[in-house]
Amino acid sequence: PAAPSPAPAAVAAAAPQVEHVSGGGAFDFDELDDSDPVEKAAQASNGKIQTESGAAAPVDKHWSLPEESLKTMPIHVAVARPRKLADVVDKVVPGEFWGMEFPFSPEMLQEWGPVWLTKAMHTTGVLPKDNEVLRFNRFDVKAADVTKEDAENAKWGGAGIKILMSVTYKNSSGDPPKGMFVKIPHPLISGNERTKNSGSGQDWSETLWYNIFGGRFGVPPFRTPRSIYSEMSRQTTNFIHIIELIPYGQEGFDTVGPGEFFPAPEKYRDWSLPGHGVDLYYAHTKTLAHFFGWHTNTRKTNDQMERIFMDAGTAEWCKRKFAETEAVGPYNSPARDKHWLKSLSDDPEAKFVMDSLAAQPSTYLAFLQLGREFIELTKHVFPQDLVTKSYLDKVFGEAREMQMYHQEMKYHTKSIPEYYAIEHPNAQVDNAFYWRDEAGAAQCGLLDWGGVYAGSMPNCIGNGWIGSEAPMMDEHEGKLIQLFVDEFAKVTGLRLDKEDLHMHVKIAQGLVMAGCCCNTQRIKTTVDWKKVKSRKDKAVNDNFLGRCYFVQMELWLTMWKKRSPYLAFQKWRKRMNLPVRLPPNGA
């Protein structure tokens, strides 16, 4: 992790004072510290951990931000969302965190050039005032158009344009980062996900993450790149995130040696990884446990993360609901189950909360129907044992029954304080980076914080594993759950019940299936399906959105063979003593 950089003038007085050590103040990927960050935190003196540079960061088992700094940030400042995106996306306005105008396209960044970047880095404190950026050396634009069949573009995700940069500085003052990774929004064109992403709020939460947890106020006890400059205008929905560039390996995954980085894994291409990515899943699960444990420990001492990522009303409900639940009985007890069931009828807030968490069953049943129709259209592309009428009737019949309890299942998981967490919403193995330690074991760091919010651990884990290949996950799902339980206990002292956690993970997977079915409408006409023979065809594999939304469906069908969410749902419904509620006939 990076040693925190000096804070800007607005909050400098309140920021922790951390010595900047020459030669390693940045996230030093070239000299990896292979010790376990959690063990390291536990062994460090004075409640501090040591970064690679030797600088002490004021973070160990929990985190806090000076209240003076928190009050200066535009976290919950109300900003009216644009009624018509096309009217505002080309406007240049000052950002909300730093008050500077900022570029939001590759052309603008090149035109504004080193002068603007120097000012930005001076403003955030990453670059000392006696240094400056002289020139851009590398300027490699990726994922400029995710609607096209392009193997290189398809490697870089669909949430924005990426730019890989290197720069030359006037001098070495401050040991500034030379490699940079830039993320900016896609243009507003048909076929990409600009409208969806801009409307979801995910870019604002990523801006919050990088400005607060990207190094200015210490670093978390898991690896994540340091932020250089992160800014957004919710008025226009434009943003720019500049973070340190990860030196991904350039050779194959099976040749990574001790102290070396893996190449960047690609979304929904686990089939191309050795062992279908099994090493990455174990490393990723361990890091997720440390991430969640860090937040669990933090909320024992302060509510700042809740104030950052939740509105006041929701935070107050969680506080009240969790206290009520804990008073009824211990974690995973029959007393809690009975109380929760009784709350469905007795708690006047229950219906309101469930309606805020999920739509009515009819919406999800309609989504499932769209998925079934898409499969019928593309049936020849799937392995044929997955698309027989009898098997599809079984899968979709069971999935439809689950949706009748969609609100209750979400509400139940949300009501369990031990499962509550600040959630990485897209925690698939590609939204992380990996290296091998000196012993040759795979280790993991987290990135891509778009949409981070207050959710639940089972939801994050379940959604993170939907991109896994069946042969790997059929064998390892239970083992990965056990690893998570063990690592979480190391960090927090709380041992979760493996079977209960596993049940809630499977429930989360069953719930998200309906949304994946809806996603198929985005690729129904963008691919010439008559010419496609399998998901590995270029028309699918080299088209980012086409690959994601098609492969989701195939992996759902394979999951249902041996790891069906329906089995967990049946267990949950019987345990909670809920009546059988069958969906209506037809769509």
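Just above, that's the structure.
Definitions and cut-offs
- Residues numbered from 1 in each chain as written.
- Predicted model: local features only at pLDDT ≥ 70, side-chain atom pairs only at ≥ 80, totals over all residues.
- Heavy atoms only, no water.
- Helix = DSSP H or I, 4+ residues; strand = E, 2+ residues; numbered from the N terminus.
- Contact = heavy atoms within 4.5 Å.
- Areas by Shrake-Rupley, 256 points an atom, 1.4 Å probe, with all protein chains shown as cover.
- Phe/Tyr/Trp six-rings, centres within 6.5 Å; stacked < 30°, edge-to-face > 60°.
- Buried < 20%, exposed > 50% of the residue type's maximum accessible area, 1.4 Å probe, protein only.
- Lys NZ or Arg CZ within 6 Å of the ring centre and 35° of its normal.
- Polar contact = N/O pair within 3.5 Å; in protein donor to acceptor, adjacent residues only side chain to side chain.
- Salt bridge = Lys/Arg side-chain N within 4 Å of Asp/Glu carboxyl O.

Q: In this structure, what is going on with the overall build of the protein? I would like to understand it.
A: Along its length, the protein carries 20 helices and 11 strands. Pairs at least 24 residues apart make up 75% of the contacts formed inside the protein by residues separated by at least 6 positions. Only carbon and sulfur atoms are counted for the fraction: they give 52% of the accessible area of the protein, which is about 23300 Å².

Q: What is the right way to look at the packing of aromatic side chains in this model?
A: Aromatic ring pairs are defined here through the distance separating the ring centres and the angle between the ring planes. Counted by the stated rule, this structure contains 39 aromatic pairs. A centroid spacing of 6.3 Å and a plane angle of 40° characterise the contact between Trp-317 and Tyr-411, whose relative ring orientation is tilted. Taken together, the residues span a long stretch of sequence, with Trp-317 in helix H9 (residues 312–328) and Tyr-411 in helix H14 (residues 406–414) at a distance of 94 residues. By relative accessible area, which is 8% here, Trp-317 ends up buried. Judged by centre distance (6.1 Å) and plane angle (65°), the ring pair of Trp-340 and Trp-572 falls under edge-to-face. Placement of Trp-340 in helix H10 (residues 334–346) and of Trp-572 in helix H20 (residues 565–575) is noted, with a sequence separation of 232 residues between them. Each member of the pair, Trp-340 together with Trp-572, is buried. If you follow Lys-561 out to its NZ or CZ, it ends over the ring of Tyr-391, 4.2 Å from the centre.

Q: I'm lost on the side chain of His-186 in this one. Help?
A: Note that His-186 resides in the loop between strand E5 (179–184) and helix H5 (194–200). Take His-186: its relative accessible area is 3%, and that puts it in the buried class. Reaching out from His-186, the side chain makes a polar contact with the backbone oxygen of Ala-143 at a distance of 2.7 Å.

Q: Sorry, what's going on with the environment of Phe-136 here?
A: Following the sequence through the fold, Phe-136 ends up in strand E3 (residues 133–142). Once the C-alpha coordinates of Phe-136 and Val-167 are considered, the two residues, 31 residues apart in sequence, prove to be 4.5 Å apart.

Q: Got a minute to help me understand the pattern of salt bridges in this structure?
A: Pairing is possible between side chains of opposite charge, provided their charged atoms come close. For the coordinates displayed, the defined rule picks out 38 salt bridges. Residue Glu-324 is joined to Lys-321 by a salt bridge in which the shortest nitrogen-to-oxygen separation is 3.5 Å. Taken together, the residues Glu-324 and Lys-321, both in helix H9 and three residues apart, mark about one turn of the helix. Under the relative-accessibility criterion, Glu-324 is labelled partly exposed at 30%. One salt bridge connects Glu-487 with Lys-490, and the closest N-O pair in it is separated by 3.1 Å. Pair noted here: Glu-487 and Lys-490 are both in helix H16 (residues 470–492), with a separation of three residues, about one helical turn. For Glu-487, a relative accessible area of 5% corresponds to the buried category. Judged by its relative accessible area of 52%, Lys-490 is exposed. Members of the salt-bridge network, linked through shared partners, are Arg-372, Glu-376, Lys-379, Lys-389 and Asp-393.

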